[in-house]
Amino acid sequence: MPGDRRAPGERAAAEAAAELRRVSVWEWDERSGRLPLLSDVDLRVGRGERWVVLGPNGAGKTTLLQVAGGRRHPSRGEVLLLGQRVGRVDLRELRARVGHVDGRAAAAVPPRRPCLDVVLGGVTGTWAPLPGRVNGAQRERALELLARFGCAHVAARPFGACSHGERRRVLLARALVADPPLLLLDEPATGLDLPGREALVAALDALAPGLTWLCVTHHLEEVPPRTSHALLLREGRVVAAGEVDDVLAGGPLSACFGVPVRVRRHGDGRWSARATPGWTHPVGVARQDGAPSPP
C-alpha cells in the first residue's frame with residue numbers, strides 16, 4: 001500500500017492469518033533431557049484458507065495449534081498471528097481475536113449454565129455474559145449461530161443436559177460469537193456418535209467462506225468437503241503441507257502414518273481411508289516366536 005513502511009516480510013505476514021517460521025518446541029525431562037514436540041516447522045496459513053492437520057498420536061498436532069493461536073510460546077523460531085509478531089504484542093488482546101474449540105473445554109462449563117449464556121460468554125471470554133458487556137446485536141448473533149448449527153432448541157437448556165454432540169456445536173457457536181478472523185479446532189469430533197459427527201462436519205462446512213480455520217483430526221472421514229489445505233505431521237516434523245488434494249493422497253499419508261494408506265475422495269467431496277495394519281498375522285495364528293497374534 002502507498003506509504004507502507006513495513007519490511008516486505010512483515011507486509012506478507014500481515015496478509016497471513018498465522019505464520020510459523022522454523023518453529024521448534026521442546027520440554028525438559030529430568031532423566032531424558034530435552035524432549036522435542038515440534039522441530040523446525042514452517043507453516044503459512046493465508047486468510048480465508050481452511051486447513052486440516054493430521055498425524056499419528058504424539059505427532060505434535062495439539063502443540064502446533066497452541067503455538068499457532070498464541071497459547072504457547074515456541075522454544076525457538078518466530079510466530080506471526082493476525083499480522084502481529086508473538087512476543088511483541090499483548091497476547092490477551094490477540095487471543096481474544098482467535099476462536100478456539102477444544103473438546104476438553106466442555107468439562108469446564110458449569111453444567112447448569114443455559115446454553116445461550118455459554119455462547120454469549122464467548123464475547124468476554126467467560127462462562128456467562130458479563131453485565132453490560134453484551135449488546136442486542138451480539139445476542140441476536142448468538143441465537144442465529146445456535147440455529148445455524150441445529151441447536152436453537154437448546155438455547156434455554158442447561159449445558160449439562162445436552163447431548164455430547166449438542167455441547168460441541170454450542171462450543172462452536174461460542175467460539176464464533178465474537179466474529180473472530182481465525183478459528184482453531186482441536187479434535188472437535190472426538191467422542192461423537194455418527195449423527196453427531198455428521199452434524200458437526202456439516203456445521204464446519206457451512207462456516208462463512210472468508211473465515212480462516214485450522215482443524216486437528218485423526219480421521220479423514222471428519223474432514224469437511226470445503227477444506228482447502230492440509231498439513232501432515234510425524235514426530236513433530238512436517239511430512240507434507242499444501243493444497244488438500246495433493247496432501248490427502250496415498251503417498252503422503254503412507255509416509256505420515258508409516259503404513260500403506262489407500263485414500264478415496266467421494267463425489268460429495270468427503271474422504272475415506274483404509275490402512276494396512278502394522279501387524280499382518282491372522283488372529284489366532286502363532287508368530288514365529290510362538291506367541292499368539294494379538295486379537
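Colleague: I'd like a rundown of the overall build of the chain, residues and numbers included.
Modeller: Helices and strands together make up the secondary structure of the chain, namely nine helices and 12 strands. For the chain, restricting intrachain contacts to residue pairs at least 6 apart in sequence, the fraction spanning at least 24 positions comes to 60%. Carbon and sulfur atoms form 50% of the exposed surface of the chain, whose accessible area is close to 14800 Å².

Colleague: Tell me about unusual backbone geometry, and please be specific about residues and values.
Modeller: Even without being a glycine, Asp40 presents a positive backbone phi close to 50°. Secondary-structure assignment places Asp40 in strand E2 (residues 33-46). Its relative accessible area of 26% is what places Asp40 among the partly exposed residues. A positive phi is found at Glu235, a non-glycine position, where the angle reads about 50°. Along the chain, the position of Glu235 falls in the loop between strand E9 (229-234) and strand E10 (237-243).

Colleague: Go over the sheet that holds strand E1 (residues 16-29), please, and point to the residues and values.
Modeller: Pairing in this open sheet of four strands is antiparallel, and the strands run E2-E1-E4-E5 from one edge to the other. The two strands at the open ends of the sheet, each matched to only one other strand, are E2 and strand E5 (84-85). As defined by bridge partners, strand E4 (residues 76-81) adjoins E5 across two bridges and the pair is classed as antiparallel. Within E5, the residue paired with Leu80 across the bridge is Arg85. Where helix H2 (residues 61-68) meets the sheet, it contacts E1, E2 and E4, and its direction lies at approximately 125° from that of E1.

Colleague: Give me the lowdown on the environment of Arg76, citing residues and values where you can.
Modeller: Here Arg76 lies in strand E4. The class of Arg76 is partly exposed, set by a relative accessible area of 42%. In sequence terms Arg76 and Trp26 are 50 residues apart; their C-alpha atoms lie 8.9 Å from each other. Setting aside residues no more than four positions away along its own chain, Arg76 makes contact with Arg22, Val23, Ser24, Trp26 and Asp40.

Colleague: How would you explain H2 if you had to name every residue and give the values?
Modeller: Among the eight residues of H2, six are classified as buried, and the element is accordingly described as predominantly covered. Looking at H2, one finds that the buried residues are Lys61, Thr63, Leu64, Leu65, Val67 and Ala68. Looking one or two residues beyond H2, the residue adopting positive phi is Gly70, at roughly 75°.

Colleague: Run through the packing of aromatic side chains, naming residues and quoting values.
Modeller: If you walk through the whole model with that rule in mind, you get zero aromatic pairs. Of note, Arg34 hangs over the ring of Trp26, and the distance from its end group to the ring centre comes to 4.1 Å.

Colleague: Mind laying out the pattern of salt bridges, listing which residues take part and the relevant values?
Modeller: Considering all chains together, one arrives at 14 salt bridges under this definition. Where Arg22 meets Asp40, a salt bridge forms, and the shortest distance between an N and an O atom there is 3.9 Å. Linking Arg22 in strand E1 with Asp40 in strand E2, this pair joins segments that are 18 residues apart in sequence. We classify Arg22 as partly exposed; its relative accessible area is 49%. Where Asp205 meets Arg226, a salt bridge forms, and the shortest distance between an N and an O atom there is 3.6 Å. Here Asp205 is found in helix H7 (residues 194-205), whereas its partner Arg226 is found in the loop between strand E8 (212-216) and E9, with 21 residues between them in sequence. Taking relative accessible area as the criterion, Arg226 reaches 53% and is therefore assigned exposed.

Colleague: Just give me the short version of the nonpolar core, but keep the residues and values in it.
Modeller: Membership of the largest hydrophobic core comes to 35 residues, with the highest contact counts inside it found for Val170, Leu172 and Leu183. Listing elements by their share of this core, those giving two or more residues are helix H4 (115-120), helix H5 (136-148), helix H6 (164-176), strand E7 (182-186), H7 and E8. Top contributing element to this core by residue count: H6, with six residues. The residues contacting Leu183, other than those within four sequence positions of it, are Gly99, His100, Val101, Leu172, Ala175, Leu176, Leu207, Leu211, Thr212, Trp213 and Leu214.

Reading the values: the criteria
- Residues numbered from 1 in each chain as written.
- Predicted model: local features only at pLDDT ≥ 70, side-chain atom pairs only at ≥ 80, totals over all residues.
- Heavy atoms only, no water.
- Helix = DSSP H or I, 4+ residues; strand = E, 2+ residues; numbered from the N terminus.
- Contact = heavy atoms within 4.5 Å.
- Areas by Shrake-Rupley, 256 points an atom, 1.4 Å probe, with all protein chains shown as cover.
- Buried < 20%, exposed > 50% of the residue type's maximum accessible area, 1.4 Å probe, protein only.
- Pairing = 2+ DSSP bridges.
- Axes fitted to C-alpha atoms, helices over the stretch in contact; angles between N-to-C directions.
- Phe/Tyr/Trp six-rings, centres within 6.5 Å; stacked < 30°, edge-to-face > 60°.
- Lys NZ or Arg CZ within 6 Å of the ring centre and 35° of its normal.
- Salt bridge = Lys/Arg side-chain N within 4 Å of Asp/Glu carboxyl O.
- Core = buried A, V, L, I, M, F, W, Y, C linked by side-chain atoms within 4.5 Å.

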